[in-house]
Amino acid sequence: MAKQSTKQNNNNYAPGIASEDSMLKSFFEDELKDIYWAEKNIVKTLPKMRKAATSQKLQQAFADHEQQSQGHVERLEQVFEILGKKAQAKKCDAMAGSIEEGKGIIEETEKGTATRDVGLILAAQKVEHYEISTYGGLAQLATTLGLEDVANLLKQTLEEEKQTDQLLTEIAESDVNYEAAMETEEE
Ligand SMILES: [Fe+2]
């Protein structure tokens, strides 16, 4: 059976309450390995998405986010360093599935079409939303664990993911979606 917390009074809960060997801390570290795997694979996948895209704005957005994601990998390495742990990646099934879905979109749509761009944006936004929820949750957990430096690093990445998501929405709404609506299927 798990060791129970000795704190009885709810009013005593404060950031940094977790002990060094708390289950929450090891859960937190495990989740970091998961998002570390995800980021590394996003860096590998974005060039494929850029090449598959037709809209110049979208190509640029994918190129920029590739650079940014490399920065996210490095930030996570900093987090592992702060925690005194080796940076380790653990396969993230959700992200592996999303990446497969993105590849499927490239296979199922025609090169040079706005319809493919719509599909790429949708796939990329699913990835962004996964990252936003992960970084949001982990930043909150870091605060609970009293790891303010870690929380700040995670929040910086969180903001960049939100900006990318917003940019993708703008690209979809400003032209790609309308162009796609005009495309007809070839016989
Ligand atoms: Fe990222």
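Residues numbered from 1 in each chain as written. Predicted model: local features only at pLDDT ≥ 70, side-chain atom pairs only at ≥ 80, totals over all residues. Heavy atoms only, no water.

Peer 1: Sorry if this is basic, but what is going on with the nonpolar core here?
Peer 2: For soluble globular proteins, nonpolar side chains are generally found buried alongside one another. Ranked by size, the top nonpolar core spans 45 residues in total, and within it F28, L32, L58, F62, M95, V150 and L154 carry the most contacts. Those elements that place two or more of their residues in this core are helix 1 (23-52), helix 2 (56-82), helix 3 (93-108), helix 4 (114-144) and helix 5 (148-182). At eleven residues, the largest contribution of residues to this core is made by helix 1. Here L58 is in contact with A53, D117, L120, I121, L168 and I171, once residues within four sequence places are set aside. (Core = buried A, V, L, I, M, F, W, Y, C linked by side-chain atoms within 4.5 Å. Buried < 20%, exposed > 50% of the residue type's maximum accessible area, 1.4 Å probe, protein only. Helix = DSSP H or I, 4+ residues; strand = E, 2+ residues; numbered from the N terminus. Contact = heavy atoms within 4.5 Å.)

Peer 1: Just checking my understanding: could you explain a positive patch on the surface for this structure?
Peer 2: Where like charges cluster on the molecular surface, the positive patch consists of K40, K44, K48 and K51. Position of K51 relative to the elements: it lies in helix 1. According to the relative accessible area criterion, K51 is exposed, its value standing at 58%. (Patch = residues over 30% accessible without salt bridge, like charges linked within 9 Å, V, L, I, M, F, W, Y side chains within 5 Å. Areas by Shrake-Rupley, 256 points an atom, 1.4 Å probe, with all protein chains shown as cover. Salt bridge = Lys/Arg side-chain N within 4 Å of Asp/Glu carboxyl O. Lys, Arg positive; Asp, Glu negative; His and termini not counted. Charge placed at Lys NZ, Arg CZ, Asp CG, Glu CD.)

Peer 1: What is the right way to look at the packing of helix 1 against helix 5 in this model?
Peer 2: Angle between the axes and distance between the axes are the two parameters that describe a pair of packed helices. Close contact between helix 1 and helix 5 brings their axes to 14 Å; oriented N to C, the two are set at 35 degrees. Once helix 1 is placed against helix 5, the crossing between them reads as left-handed. Together, F28, L32 and E39 of helix 1 and V150, L154, T157 and E161 of helix 5 make up the contact between the two elements. Residues belonging to the contact of helix 1 with helix 5 are distributed by class as follows: four nonpolar, one polar and two charged. (Axes fitted to C-alpha atoms, helices over the stretch in contact; angles between N-to-C directions. Left-handed = near helix turned anticlockwise from the far one by under 90°. Nonpolar A, V, L, I, M, F, W, Y, C, P; charged D, E, K, R; others polar.)

Peer 1: Where do I start with a negative patch on the surface in this structure?
Peer 2: On the surface, E110, E179, E183 and E185 cluster together to form a negatively charged patch. Mapped onto the elements of the fold, E183 is located in the segment after helix 5. Taking the relative accessible area as the measure of exposure, E183 reaches 32% and is therefore partly exposed.

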